[in-house]
Amino acid sequence: MADKLHGWACFGKDEPLKHVELPLKTWDEDDIEIKITDSGICGSDVHTLDSNWGPADYPCVVGHEIAGTVTRVGKNVTKVKVGDRAGVGPICYACGECESCINGKPNVCAKGIITTYNSRYYNGDKTYGGYADIWRGNKLFVVKIPDNISNENACTMLCGGITSYAPLKRWGVGPDSIVGVMGIGGLGHFGVLFAKALGARVVAISHNDKKRDVAFELGADEYISTHEKDELKKRSKYFTHILCTGCSEDFKWEDYLPILKADGVFINVSHPGWNFPEVPLSTFIRNQVAFAGSAAGSPKEVEEMLKLASEKDIKAWVETFPMDKVNDALKGFRDGKPRFRYVLKN
């Protein structure tokens, strides 16, 4: 059995990706090997390639929206078998022993998660992501893909989808909810799709009118352009939840907290390259609202999301590229061209 992958690696900030051979994780009987068919491009990939979140461990093969066909399983693996379609998202391992892991939340492992790329297993083996032909890793975060969801569609949900779905479900979004989705992009379009699938009334929030038609096509019930400041003020005490998937640097808490109902929740999943303004605690107190973050999702939450997507026939908006055109795809991604997810295909 070959212990090498062939993938597109970055060797330094601002350098193009190069096709190289690199070692796979040392095999053990808790592992799964996947022949990659599809790998989504995520904003995290670009931040990592550019060392925006700290120095990358070059050479780095990014990609944490991975889908393909299982080609090998360890003796301790029962969740998938050879020939199944399966995938893995941004987290590939956790300790399995801490309180969070024991309670089904390994995505917030107290010992620290092992990410699907730019990380290292406890034995020192480096993790490499989906811009490659093979992925090998622990079984913990691998999920089986439902029969009626294509690999192309499923892979985008394993980071972009779960990042939006998990906090919506966790914070009780349902038919009585009114959800504002800030930022109609790669994450935000999933926010609209999943909030609607959970039964909520959905209001798309963007900084201008350019995505109005797209938002309604996605299923939004209302649209707000924050360029028109009065549009936010008109919704005083209107929303049960706001999901922030992106915003501009002129963001002000004072514009958004008053439009939440009492006991409403402002959920942030945006991780920009700049800092949010200081949190005005008095504004949170006066409006009796909560602030929440979300770290992707647990394996159980990913499985629940895929089940909902299967039942509701949810489809991401996807544009595909051959894997060997990865540098072209990354350029388009950096230029803001995706509507709304890019997928690399082997």
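Our subject in this report is the structure included herewith. (Residues numbered from 1 in each chain as written. Predicted model: local features only at pLDDT ≥ 70, side-chain atom pairs only at ≥ 80, totals over all residues. Heavy atoms only, no water.)

## Some thoughts on the pairing of strand 11 (residues 201–206)
Phase 1 of the analysis: For strand 11, the tally of buried residues reaches five of six residues, placing the bulk of the element in the interior.
Phase 2 of the analysis: Bridge count between strand 10 (residues 178–182) and strand 11: five bridges; the pairing is parallel. Bridging across to strand 11, valine 179 finds its partner in valine 202.
Phase 3 of the analysis: Handedness of the crossover joining strand 10 and strand 11 through helix 4 (residues 188–197) is recorded here as right-handed.
Phase 4 of the analysis: Sheet analysis places strand 11 next to strand 12 (residues 222–225), joined by four bridges and oriented parallel. Counted as the bridge partner of serine 206 is serine 225 from strand 12. (Buried < 20%, exposed > 50% of the residue type's maximum accessible area, 1.4 Å probe, protein only. Helix = DSSP H or I, 4+ residues; strand = E, 2+ residues; numbered from the N terminus. Pairing = 2+ DSSP bridges. Right-handed = clockwise from strand over helix to strand, strands pointing away.)

## Regarding a nonpolar patch on the surface
Phase 1 of the analysis: Taken together, the side chains of Val279, Leu281 and Ile285 present a nonpolar region at the surface, about 320 Å² in accessible area.
Phase 2 of the analysis: Along the polypeptide, leucine 281 turns up in helix 8 (residues 281–287). (Patch = residues over 30% accessible without salt bridge, like charges linked within 9 Å, V, L, I, M, F, W, Y side chains within 5 Å. Areas by Shrake-Rupley, 256 points an atom, 1.4 Å probe, with all protein chains shown as cover. Salt bridge = Lys/Arg side-chain N within 4 Å of Asp/Glu carboxyl O.)

## A closer look at the nonpolar core
Phase 1 of the analysis: Ranked by internal contacts, the top residues of the largest apolar core, which has 94 residues, are Tyr131, Trp135 and Phe194.
Phase 2 of the analysis: Not counting chain neighbours up to four residues away, the residues in contact with tryptophan 135 comprise Ile32, Glu33, Ile34, Ile36, Ile66, Val88, Cys92, Thr116, Tyr121, Tyr128 and Val142.
Phase 3 of the analysis: If you look at the next biggest cluster of nonpolar residues, it comprises 18 residues, including Ile178, Leu232, Leu257 and Ile259. (Core = buried A, V, L, I, M, F, W, Y, C linked by side-chain atoms within 4.5 Å. Contact = heavy atoms within 4.5 Å.)

## What to know about the packing of aromatic side chains
Phase 1 of the analysis: Within this structure, the stated rule accounts for 18 aromatic pairs.
Phase 2 of the analysis: Aromatic pair phenylalanine 190 and phenylalanine 194: ring centres 6.0 Å apart, planes at 20 degrees, arrangement stacked. A residue pair is termed a helical-turn pair when its members lie 3 or 4 positions apart in one helix, as phenylalanine 190 and phenylalanine 194 do in helix 4 at four residues.
Phase 3 of the analysis: The class of phenylalanine 190 is buried, set by a relative accessible area of 0%.
Phase 4 of the analysis: Considering the side-chain rings of tryptophan 253 and phenylalanine 276, the 6.1 Å spacing of their centres and the 35 degrees angle between planes classify their relative orientation as tilted. In this pair, tryptophan 253 is assigned in helix 7 (residues 253–256) and phenylalanine 276 in the loop between strand 14 (260–268) and helix 8, connecting sequence segments 23 residues apart.
Phase 5 of the analysis: A residue is classified by how much of its surface remains accessible, and phenylalanine 276, at 21% relative accessible area, is partly exposed.
Phase 6 of the analysis: An aromatic cluster is built from Phe251, Trp253, Tyr256, Phe266, Phe276, Phe284 and Phe291, whose rings are joined through pairwise contacts.
Phase 7 of the analysis: The ring of phenylalanine 11 has lysine 18 lying over it, and the distance from NZ or CZ to the ring centre is 6.0 Å.
Phase 8 of the analysis: The ring of tyrosine 122 has lysine 111 sitting right over it, with the charged end atom 4.1 Å from the ring centre. (Phe/Tyr/Trp six-rings, centres within 6.5 Å; stacked < 30°, edge-to-face > 60°. Lys NZ or Arg CZ within 6 Å of the ring centre and 35° of its normal.)

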